[in-house]
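# Reading the structure
Here is how the chains run, residue by residue.
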Amino acid sequence: MMKMPNTNKLDCTITTIEMLRHGECVGGTRYRGKLTDDALTDEGMHRMLGKVETLDWDCIVSSPLKRCAAFARHLSDSCGTPLLFHKDLKEISFGRWDGKLIDDVWNLEQSSVEAWFDDPVNSPPPDGEPADTFAKRVINACESLVAEHVGKKLLFVCHGGVMRVLLGNCLNVNYQSLSNFDVPYGCFSRIQIIDDGEKKYYRLLNHNI
């Protein structure tokens, strides 16, 4: 078992990240990744608003894709919280599947879909992003943002894949198991990054509140 740091140390800092997945989008049930920029439906926006109870963040950080950015701008304007957009919080790229209906891809390329689920690192979607490459850019973005906002409270408005990576990083979950996290539209979760001056520790506080 990993030893957790002594959070009572004077030089220990705790940065909190709350994560909100975007709501329902126009266009139906499809591979909606880095290359597909759909807007929210009215219901999608309403669901996200229903998950936001407190407005006490030091900064809102959003994916620049419309399904996240529109809500993030609305929230920033409403509560007066600074807003940043970070390109590396975009969803994974599904390559040639991006924008296609999930059922259509399954019917035409079932073996490729199954291979991707079994080994998302070595069998990504055609021309898509391997899971380890995706995870590296998301974790690097998170660490960079934490370094810029040490000891602060941030809200990430992001995507299901981004949340799975950060949840998996907290729990040391392998890439093949990231899809086991249920991250529905409007999912709201909370993690902490604890820095005791020697090492950083990731801790999951709440998932799908």
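My aim in this report is to walk through the structure given alongside it, one point at a time. (Residues numbered from 1 in each chain as written. Predicted model: local features only at pLDDT ≥ 70, side-chain atom pairs only at ≥ 80, totals over all residues. Heavy atoms only, no water.)

This next bit is on the pattern of salt bridges. Taken as a whole, this structure holds 9 salt bridges when the rule is applied. Of the charged contacts, one joins Glu18 and Arg190 as a salt bridge, the two residues approaching to 2.7 Å between their closest N and O atoms. Of this pair, Glu18 sits in strand 1 (residues 13-21) while Arg190 sits in strand 5 (residues 188-195), and the two are 172 residues apart along the sequence. Look at Glu18 and you get buried, because its relative accessible area is 1%. Put simply, Lys87 and Asp88 hold a salt bridge, and the shortest N to O gap is 3.4 Å. Classification of Lys87 by relative accessible area gives exposed; the value is 56%. (Salt bridge = Lys/Arg side-chain N within 4 Å of Asp/Glu carboxyl O. Helix = DSSP H or I, 4+ residues; strand = E, 2+ residues; numbered from the N terminus. Buried < 20%, exposed > 50% of the residue type's maximum accessible area, 1.4 Å probe, protein only.)

With respect to the helices and strands, Asp195 occurs in strand 5. Separated by 84 residues in sequence, Asp195 and Ser111 place their C-alpha atoms 44 Å apart. In this structure the side chain of Asp195 is engaged in a polar contact, spanning 2.8 Å, whose partner is the backbone nitrogen of Gly197. (Polar contact = N/O pair within 3.5 Å; in protein donor to acceptor, adjacent residues only side chain to side chain.)

Let's shift gears to the layout of surface pockets. There is about 730 Å³ of room inside the largest pocket. Around the largest pocket sit 27 residues that line it, and Ile92, Phe94, Trp116, Gly161 and Arg164 are the ones nearest its centre. At the level of elements, helix 3 (102-118), helix 4 (131-148) and helix 5 (160-171) are the ones that each hand at least two residues to the lining of the largest pocket. (1 Å grid on protein atoms, 1.4 Å probe; cavity = no way out; pocket = protein on both sides within 12 Å on 5 of 7 lines; lining within 4 Å. Points joined across faces, edges and corners; volume = space filled by probe spheres on them.)

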